[in-house]
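# Coordinates in review
Listed below, chain by chain, are the residues.
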Amino acid sequence: MLIFDAHLDLAWNAVEWNRDLELPIEEVRLFEKQYTDIVPGDCTITYPEMQRGNLGLVVATLLPRLHRKEKPLTFYQSRESAYAASYGQLAYYRSMTAKGVLKPLPTGAAVAKHCNVWQEFLKGNGERPPIGYVLSMEGAPPILFPEQVDEWYAAGLRIVGPAHYGPNEYCHGTGSFGGLTADGKQLLKEMDRVGLLLDATHLADESFWEALDIYTGPVLASHHNCRSLVPGDRQLTDEQIKALAERGAVIGAAFDNWMLLPGFKKYVTPPEDVLLSRVVDHIEHVCQLTGSVRHSGIGTDLDGGFGREQSPGDLNTIADVQRIATILSDRGFSDDDINRIMHQNFVDFFVKHLPSV
Ligand SMILES: [Zn+2]
C-alpha cells in the first residue's frame, strides 16, 4: 500500500547528522557505531527502506536545528545562520532531485500525478518512482522577516510550521507558554497572501489559537498526537482536534514513543510497552472525536532526532509503517478508510490546497 508520511527531516539527517540516506540501513547503523556518544539508537530511515515500505510521498522539512549533546547548543545563535543552514538543506533536496532519488511536488497537479504514478507502479506498471516531497519548514526563524515569504515560496517552500521547541521570534512552541509576537501575526498574514500552508504542529496553546484566528488559509498538523491519551503540551487537546477538523485539516500520527505512551522513559520503558498499536489508538481517537476518517493521516517523524530506542518496539525501520494498515484492518476499518489514513487524506489535502499548477 502507498504511504504518505507528512513529516520527515531528511535533509537535516543528511546534512547535520552526516547520514548517507542512499545506503542500506545496516551500513548507516554500522557507521554510526563509531560515535554512539552523540547518535542515539539505530536509525530507522534510509531511501532503500522508504522504497521498501512504499513511502512514495512525504512532507520533507527544512529544520534549522543543530545536533549537539547539550540542549542549549541545538539552536543557531543567529537567524542568519539558521537561514544559511536551511538553504544548505534545500541544496541537498535539489541534488537528490537531480539524481532522481527525490521529486519535488510544488503543485496540486504534481501531487496528483505522482500519486497516480505510484499507484500504477504498485499495480505492476512502470518503474519504481522516486520519493515525492512537499517542502516544509519546521520553525520559522530562517524567514528573516515576514515579507521574506516571497523568496522562500519562489525557492519551493509550501508549508511553514512557525514553531518548534521553545519561543522564537514569531511565536511560542512546545515547552513554552504564550502567544504570537507582532512579527508572528504579520508572518501569518504574509503566508495567507502568498499561499503558504500553516502547519500547526509545535505551536504552544495560546499561539495555536491566535494563529487559527489570524490565518485564514488551509491548516494541517503534520506530526501530532492526542493529549487525552498522552498528557503534555506537545499533544493536541480534543478541542484543538475539533477546531482543526472544522478547518479541513489532516493530522499526521507521530511515531515518537514519548508522544505515544504517558511517562515513556528512553532505555527504561521496555520496548514491548510501546507498540505500533499505540499509534493506531491516536488515529482512532481522532476519527471518533471528529466522527470521520478524513482528518487522520501518518506523520511519523521517525528521523526527528531519535532512533529505534524511542520508536515503537515492533518497528525496525520505516518500512514497518505498513503494519499500521494491518492493525487498522484488525480493528474493523474498511479498505477505503485505511487507504484514506495511509495516504489519500494527505494527497487530497495537497491536491486541493497547493497551487493547481
Ligand atoms: Zn517536530
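I will try to describe carefully the structure that is included in this document. All of these numbers come straight from a predicted model, not from anything done at the bench.

Calculation rules
- Counting restarts for each chain, with residues numbered from 1 along the sequence as it is written.
- Only residues with pLDDT of at least 70 get local features here, since the model is predicted, and only at 80 or more are side-chain atom pairs given and counted; chain-wide, interface and lining totals rely on the full set of residues.
- Each side-chain value is worked out from all heavy atoms of the structure, with water and hydrogens disregarded.
- To obtain an axis, a line is fitted to C-alpha atoms, over the contacting stretch when the element is a helix, and the angle between two such axes runs from 0 to 180 degrees between their N-to-C directions.
- Going along the chain from the N terminus, every DSSP run of H or I of four or more residues is numbered as a helix, and every run of E of two or more is numbered as a strand.
- Here the word oblique covers every angle except those under 35 degrees (roughly parallel), over 145 (roughly antiparallel) and from 65 to 115 (roughly perpendicular).
- Throughout, a crossing is termed right-handed when the near helix is turned clockwise from the far one, and left-handed when it is turned anticlockwise from it by less than a right angle.
- Throughout, a residue-residue contact means that at least one pair of heavy atoms, one from each residue, lies within 4.5 Å.
- Side-chain classes follow a simple rule in which Ala, Val, Leu, Ile, Met, Phe, Trp, Tyr, Cys and Pro form the nonpolar group, Asp, Glu, Lys and Arg form the charged group, and the remainder, Gly included, forms the polar group.
- Under the scheme applied here, a residue whose accessible area is under 20% of the maximum for its type counts as buried, over 50% as exposed, and between as partly exposed, the area being computed with a 1.4 Å probe on protein chains only.
- By this definition, two strands are paired if DSSP reports at least two bridges between them.
- When the strands point away from the viewer and the path from the first strand over the helix to the second turns clockwise, the crossover is right-handed.
- Pairing of aromatic side chains requires ring centres within 6.5 Å, counting the rings of Phe and Tyr and the six-membered ring of Trp. Pairs whose planes differ by under 30 degrees are stacked, by over 60 edge-to-face, and all others tilted.
- Whether a charge sits over a ring depends on NZ of Lys or CZ of Arg being within 6 Å of the ring centre and within 35 degrees of the ring normal.
- Think of a nonpolar core as a cluster: buried Ala, Val, Leu, Ile, Met, Phe, Trp, Tyr and Cys residues, connected wherever their side-chain atoms sit within 4.5 Å.
- Here, the arc refers to the directions that run from the helix axis to the C-beta atoms.
- When a carboxyl oxygen of Asp or Glu lies within 4 Å of a side-chain nitrogen of Lys or Arg, that pair is called a salt bridge.

### A few points about the packing of helix α9 (residues 238–246) against helix α10 (residues 276–290)
- Across the interface, α9 lies against α10 with an axial gap of 10 Å and an inter-helix angle of 65°. Taken together, the axes of α9 and α10 are roughly perpendicular relative to one another. Here the hand of the crossing between α9 and α10 comes out right-handed. Along its contact with α9, which presents Asp238, Ile241, Lys242 and Ala245, the element α10 presents His285, Val286, Leu289 and Thr290.
- A breakdown of the residues in the contact of α9 with α10 according to their chemical character gives four nonpolar, two polar and two charged.

### Describing the pairing of strand β4 (residues 131–138)
- The buried count for β4 comes to eight of eight residues, which makes it a mostly enclosed element.
- Every second residue of β4 is oriented toward a common face, with Ile131, Tyr133, Leu135 and Met137 on one face and Gly132, Val134, Ser136 and Glu138 on the other, all of them buried.
- In terms of strand pairing, strand β2 (residues 55–62) meets β4 through six bridges, oriented parallel. The partner of Val58 across the bridge, within β4, is Tyr133.
- Note that strand β3 (residues 102–104) and β4 share three bridges and pair parallel. Note on β4: the bridge partner recorded for Leu102 is Ile131.
- This β-α-β element, β3 to helix α5 (residues 108–122) to β4, shows right-handed connectivity.
- Alignment of β4 against strand β5 (residues 159–161), held across three bridges, turns out to be parallel. For Ser136, the partnering residue across the bridge sits in β5 and is Ile159.

### A closer look at the pairing of β2
- Counting buried residues in β2 gives eight out of eight residues, a clear majority hidden from the surface.
- As defined by bridge partners, strand β1 (residues 3–8) adjoins β2 across four bridges and the pair is classed as parallel. Directly across from Ile3, in β2, lies its bridge partner Leu55.

### Concerning the packing of aromatic side chains
- Counted according to the given criterion, the structure contains 13 aromatic pairs.
- Both rings, one in Trp12 and one in Trp17, keep their centres 5.4 Å apart while their planes meet at 75°; by these two values the pair is edge-to-face.
- On the accessibility criterion, Trp17 (4% relative accessible area) is buried.
- Aromatic ring contacts, followed pair by pair, group Phe4, Phe346, Phe349 and Phe350 into a single cluster.
- The ring of Phe75 has Arg65 lying over it, and the distance from NZ or CZ to the ring centre is 4.8 Å.
- Taking NZ or CZ as reference, Arg158 lies 3.8 Å from the ring centre of Tyr153, over its face.

### Thoughts on the nonpolar core
- Counting residues in hydrophobic clusters, the biggest one holds 103 residues, and the most contacted among them are Leu10, Tyr47, Met50, Tyr93, Ile324 and Phe350.
- Per-element tally for this core: the top contributor is helix α12 (residues 335–353), with seven residues.
- If we skip the residues at most four places from it in the chain, Tyr93 touches Leu8, Asp9, Leu10, Ala11, Ala60, Thr61, Leu62, Leu102, Tyr133 and Leu135.
- Trp12, Trp17, Val39 and Leu63 belong to the second-largest nonpolar core, a separate cluster that totals five residues.

### Quick notes on the side chain of Arg340
- Along the polypeptide, Arg340 turns up in helix α12.
- We classify Arg340 as buried; its relative accessible area is 12%.
- What Arg340 contacts, discounting residues up to four positions off in sequence, is Val293, Arg294, Ser296, Asn345 and Asp348.

### Remarks on the side chain of Gln51
- Inspection of the secondary structure puts Gln51 in helix α3 (residues 47–52).
- Since its relative accessible area comes to 14%, Gln51 is described here as buried.
- If we ignore the near neighbours within four places in the chain, the residues touching Gln51 are Trp118, Arg128, Pro129, Pro130 and Ile131.

### Structural notes on helix α2 (residues 25–32)
- Looking only at α2, the buried set comprises Ile25, Val28, Arg29 and Glu32. An end-on view of α2 places all buried positions within 100° of arc, on one side of the element. Structural note: α2 exposes Glu26 and Leu30 on the side pointing more than 90 degrees away from its buried face.
- Among the structural elements, α3 are those in contact with the buried residues of α2.

### Quick word on the pattern of salt bridges
- Inspection of the entire model under this criterion finds 15 salt bridges.
- Here Arg193 makes a salt bridge to Glu190, at a shortest N to O gap of 2.6 Å. Residue Arg193 and its partner Glu190 are both found in helix α7 (residues 182–194); the two are separated by three residues, about one turn of the helix.
- A salt bridge links Arg227 to Asp205; the nearest nitrogen and oxygen atoms lie 2.8 Å apart. Residue Arg227 is located in the loop between β7 (219–220) and α9, and its partner Asp205 is located in helix α8 (residues 205–214); the two are separated by 22 residues in the primary sequence.
- With relative accessibility at 28%, the residue Asp205 sits in the partly exposed group.
- Beyond isolated ion pairs, a larger network of salt bridges with shared partners links Asp150, Glu190 and Arg193.

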